[in-house]
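# Per-entry structural report
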Amino acid sequence: MFTGRNRRSGSLRSVWYRRERKRRPREVSTQTNTLQPVSPPRPRPVPIEGHWQCGNPDAMIRCLVRLATDPRIVFHLPIQTVERKLRLFYCACCRIRWDSLSPSCRNAIVTVERYADGWENRRGLHKARRAVQDVGRVVRAIPYSQDQWDARSLIALVERAAEVPTRFRTGVICGGYPVQATTQAVLLRDLFDNPFRPYSVEPRWITPTVVALARVIYSERSFDLMPILADALQDAGCDDEYILTHCRGHEDVSSPVQSSHARGCWLIDAILGKE
Ligand SMILES: [Zn+2]
């Protein structure tokens, strides 16, 4: 017959087991149960010039951001410059579709351009961003249809231009679909030239006439004056074919987009000392 004492103590084996556990503390196993990686993670490959030359705007933007943020690479453009130029790139894409933009989006783009040049503070940028997001909410509230694809991608492009700076620094923002990929690639090359082969403008070419012309071109966005800038540079002693061709455009008339310029053009920025 079992008594209460027997029920509490249990069988002889379990009593012995409990006593032994008290006497001998549990041994700590040296082997951890977590899975160990077979080999250490491979470092991300360093961007190469081929990523920039591929002509895919998404890949080009990722390449730029990684060039500016990868500590293994010595890059001549600081991340602030990359952010400014990328912002101007999105604004240039939006200006290509200027006629399709609503007045509030146009105002936002003007504000974003002012912010990129330091003439507007962060508060103004956030205000512009909120205005664009309000428009985006209205656009996205309409049931989706084939025709609405363009409106949605266009508002997404304006939103990208008005993004907060940290989004540019992590490279999560990529190209805009309402503008052709080839046009975007040409604009990126105009703004950044070739980041793997930085080109410099000799100080002796930067005469007051050249600076005055570049300032007019930049502020009024009058890129039709670029050939005149080439003449002024030649008068100042510039005989660099690369720079003169950039101003005058390529001889190849079959590709008119080859000679397009935008605010943030690397040559104008170099003459005006903008970063
Ligand atoms: Zn240019």
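About the cut-offs
Residues numbered from 1 in each chain as written. Predicted model: local features only at pLDDT ≥ 70, side-chain atom pairs only at ≥ 80, totals over all residues. Helix = DSSP H or I, 4+ residues; strand = E, 2+ residues; numbered from the N terminus. Buried ≥ 20, exposed ≤ 12 C-beta atoms within 10 Å, placed from the backbone. Expected span 1.5 Å × (residues − 1). Contact = placed C-beta atoms within 7 Å. Core = buried A, V, L, I, M, F, W, Y, C linked by C-beta atoms within 7 Å. Domains from an automatic or database assignment. Axes fitted to C-alpha atoms, helices over the stretch in contact; angles between N-to-C directions. Parallel < 35°, antiparallel > 145°, perpendicular 65-115°, else oblique. Nonpolar A, V, L, I, M, F, W, Y, C, P; charged D, E, K, R; others polar. pLDDT = per-residue confidence, 0-100. Left-handed = near helix turned anticlockwise from the far one by under 90°.

Attention shifts here to the overall build of the protein. A tally of helices and strands in the protein yields 14 helices and 0 strands. A buried classification covers 28% of the 275 residues belonging to the protein.

We now examine helix H4 (residues 57-69). Taking 1.5 Å as the rise per residue, H4 with 13 residues should run 18 Å; its terminal C-alpha atoms sit 18 Å apart, in good agreement. Of all the positions in H4, only Pro57, Met60, Ile61, Cys63, Leu64, Val65, Leu67 and Ala68 are classed as buried. Lining the buried residues of H4 we find helix H3 (49-53), helix H5 (79-96) and helix H10 (181-192).

Tracing the backbone shows Tyr177 in the loop between helix H9 (165-169) and H10. In this structure, the C-alpha to C-alpha distance between Tyr177 and Ala156, residues 21 residues apart in sequence, is 9.0 Å.

The next subject is the nonpolar core. Leu64, Phe89, Val112, Val158, Ala161, Leu191 and Leu229 are the most contacted members of the largest nonpolar core, which totals 58 residues. Split by domain, the residues of this core number at least three in each of domain 1 (46-192) and domain 2 (199-275). Contacts of Leu191, omitting those with residues within four sequence positions, involve Lys85, Leu88, Phe89, Ala262, Gly264, Cys265 and Trp266.

Moving on to unusual backbone geometry. For Asp193, which is not glycine, the phi torsion reads 55° and is therefore positive. On the secondary structure map, Asp193 appears in the loop between H10 and helix H11 (208-220). Under the C-beta neighbour-count criterion, Asp193 is labelled partly exposed, with 18 such atoms within 10 Å. Unlike most non-glycine residues, Arg221 shows phi in positive territory, near 55°. Here Arg221 lies in the loop between H11 and helix H12 (226-235). On the neighbour-count criterion, Arg221 (14 C-beta atoms within 10 Å) is partly exposed.

Moving on: the packing of H4 against H5. Interaxial distance between H4 and H5 falls to 9 Å at its minimum, and their mutual angle equals 160°. Taken together, the axis directions place H4 and H5 in an arrangement best described as roughly antiparallel. Taking contact as the criterion, the partners of Ile61, Leu64, Val65, Ala68 and Thr69 in H4 are, on H5, Ile79, Val82 and Leu86. Across the contact of H4 with H5, the residue classes tally to 7 nonpolar, 1 polar and no charged.

As a further point, take the confidence of the model for the protein. Looking at the protein as a whole, its pLDDT mean stands at 84, while 85% of the residues score no less than 70. Counted against residues more than four places away or in other chains, residues 252-258, with its pLDDT under 50, gives 7 contacts.

Moving on: the packing of H5 against helix H6 (residues 103-116). At their nearest, the axes of H5 and H6 sit 9 Å apart, and the two run at 155° to each other. Overall, the two elements H5 and H6 adopt an arrangement that is roughly antiparallel. The hand of the H5/H6 crossing is left-handed. Residues Arg84, Arg87, Leu88, Cys91 and Cys94 of H5 pack against Ile109, Val112, Glu113 and Ala116 of H6. In terms of residue class, the contact of H5 with H6 is made up of 6 nonpolar, no polar and 3 charged.

To continue, consider the environment of Ala232. Here Ala232 lies in helix H12. Taking the C-beta count within 10 Å as the criterion, Ala232 has 21 such neighbours and is therefore assigned buried. Sequence separation between Ala232 and Val210 is 22 residues, and the spatial gap between their C-alpha atoms is 5.9 Å. Ignoring any residue separated from it by four or fewer positions in sequence, one finds Ala232 in contact with Thr209, Val210 and Leu213.

For an α-helix, the turn length of 3.6 residues means that residues three or four places apart are oriented alike. Counted at 1.5 Å a residue, the expected span for H10 with its 12 residues is 16 Å, and the 16 Å between its end C-alpha atoms agrees. Looking at H10, one finds that the buried residues are Gln184, Ala185, Val186, Leu187, Leu188, Asp190, Leu191 and Phe192. In the core, the buried residues of H10 are packed alongside H4, H5 and helix H14 (266-272). Just past H10, the residue Asp193 takes up positive phi, approximately 55°.

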